[in-house]
Amino acid sequence: MIVVTGATGNVGRELAGLLAAAGEQMTAVSRNAADLPHNVRHVQADLADPATLRPAFDGAEALFLLVAGDDPHAVLATAAHAGVRRVVLLSSQGAGTRPDSYRHPAAFEQAVKDSGLEWTLLRPGGFASNAYAWAESVRARRTAAAPFGDVGLPVIDPADIAEVASAVLREPGHASRTYELTGPELLTPRERAAAIGQALGEPVRFVEQSRDEARAQMLHLMPEPVADATLAILGAPTPAEQRISPDVERVLGRAPRTFATWAARNLAAFR
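1. Some thoughts on the overall build of the protein chain
If you tally the helices and strands in the protein chain, you get 13 helices and 9 strands. Compactness check: the protein chain gives a C-alpha radius of gyration of 19 Å against a globular reference of 18 Å for 271 residues, within 12% of the reference. If you line up the protein chain on its principal axes, its C-alpha atoms span 55 × 40 × 35 Å. Counting all 271 residues of the protein chain, 49% fall into the buried class. Summarising the internal contacts of the protein chain: among those between residues at least 6 apart in sequence, 71% fall at separations of at least 24. Between the mean site of the 26 positive side-chain charges and the mean site of the 31 negative ones, the protein chain shows a separation of 3 Å.

2. A few points about the packing of aromatic side chains
Inspection of every chain in the model, using the stated rule, returns 4 aromatic pairs. Between Y132 and F270, the aromatic rings sit 6.3 Å apart at their centres with planes inclined by 15°, giving stacked as the arrangement. Highlighted residues: Y132 in the loop between β6 (118-124) and α6 (135-141) and F270 in the segment after α13 (259-265), separated in sequence by 138 residues. In this structure F270 comes out as buried when scored by relative accessible area, which is 0%. Among the aromatic residues, those joined into a cluster by ring pairs are Y132, F259, W262 and F270.

3. Some thoughts on the environment of T8
Along the chain, T8 falls in the loop between β1 (2-5) and α1 (10-21). A relative accessible area of 36% places T8 in the partly exposed class. Separated by 28 residues in the primary sequence, T8 and L36 have C-alpha atoms spaced 8.4 Å apart. Each residue touching T8, except ones within four places of it in the same chain, is listed here: R13, S30, A33 and A34.

4. As for the nonpolar core
Counting residues in each nonpolar core, the largest one holds 29 residues, and the members touching the most others are L15, M26, F64, L122, L169 and L181. Counting only elements with at least two residues in this core, the list comes to β1, α1, β2 (26-30), β4 (62-66), β5 (86-90), α7 (158-170), β8 (177-181) and α12 (247-252). Residue contributions to this core peak at 7 residues, all from α7. In contact with L169, not counting residues within four places along its chain, are I2, L15, L19, A62, L63, F64, R86 and V88.

Cut-offs used in this document
- Residues numbered from 1 in each chain as written.
- Predicted model: local features only at pLDDT ≥ 70, side-chain atom pairs only at ≥ 80, totals over all residues.
- Heavy atoms only, no water.
- Helix = DSSP H or I, 4+ residues; strand = E, 2+ residues; numbered from the N terminus.
- Rg over C-alpha atoms; globule rule 2.2 N^0.38 Å.
- Buried < 20%, exposed > 50% of the residue type's maximum accessible area, 1.4 Å probe, protein only.
- Contact = heavy atoms within 4.5 Å.
- Lys, Arg positive; Asp, Glu negative; His and termini not counted.
- Charge placed at Lys NZ, Arg CZ, Asp CG, Glu CD.
- Phe/Tyr/Trp six-rings, centres within 6.5 Å; stacked < 30°, edge-to-face > 60°.
- Core = buried A, V, L, I, M, F, W, Y, C linked by side-chain atoms within 4.5 Å.

Distances and angles like these do not, on their own, reveal function.
Shown next, in the form of structure tokens:
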């Protein structure tokens, strides 16, 4: 059996659907009630409270783990005690490129490596679905605001992350591997806004924010060090952060989806 934590998120929901469609026995875990396929067992539990995870882990062999909560060692010990043998961690590109700033995912990665379980690390870059932050302004005013409008990054479709996770959880040959997950091309925020406009059939005007404006917005969503590190990636990415990784294609045998494909598939959010 496979346990999927974060089963209501952008990646976890997609992964739960893929595993269910493949006929895998699985348990979906989330803090709140979830609308999931009828054949998926759901357990409400919180990664911040490892004791609540015991019913979910009972009988499980593999675990898809989010970076959430503050005690990954306790989560992994609970999993191992229940018989889990493999863990796939959804980490972050920043754990590799800026570990001093992304200490939380870096700490989870180290805990996974120290757990004694068979492990695989997934390090995605920016998510295409971060464009949902534009949904309201695109619907209301056909505008999209972001800083560093002409700096390109290879954002990845969460559906590709979920497909990689599904393959890694179900197939042999991925132990002790770290996969960097990116999209197939460098796209700037200005180009991503234009792609949404093209999907809508109407232009979307890009509004460039200052760094301070973007930072103030981010501080409502994330701790200050993470906001500053994220702005550094958005504004002055390293070569590693702009590298288009071959790992999605290595695992899935196909190129990752483009941002335009993501936008077309999720167009309802922007209409």
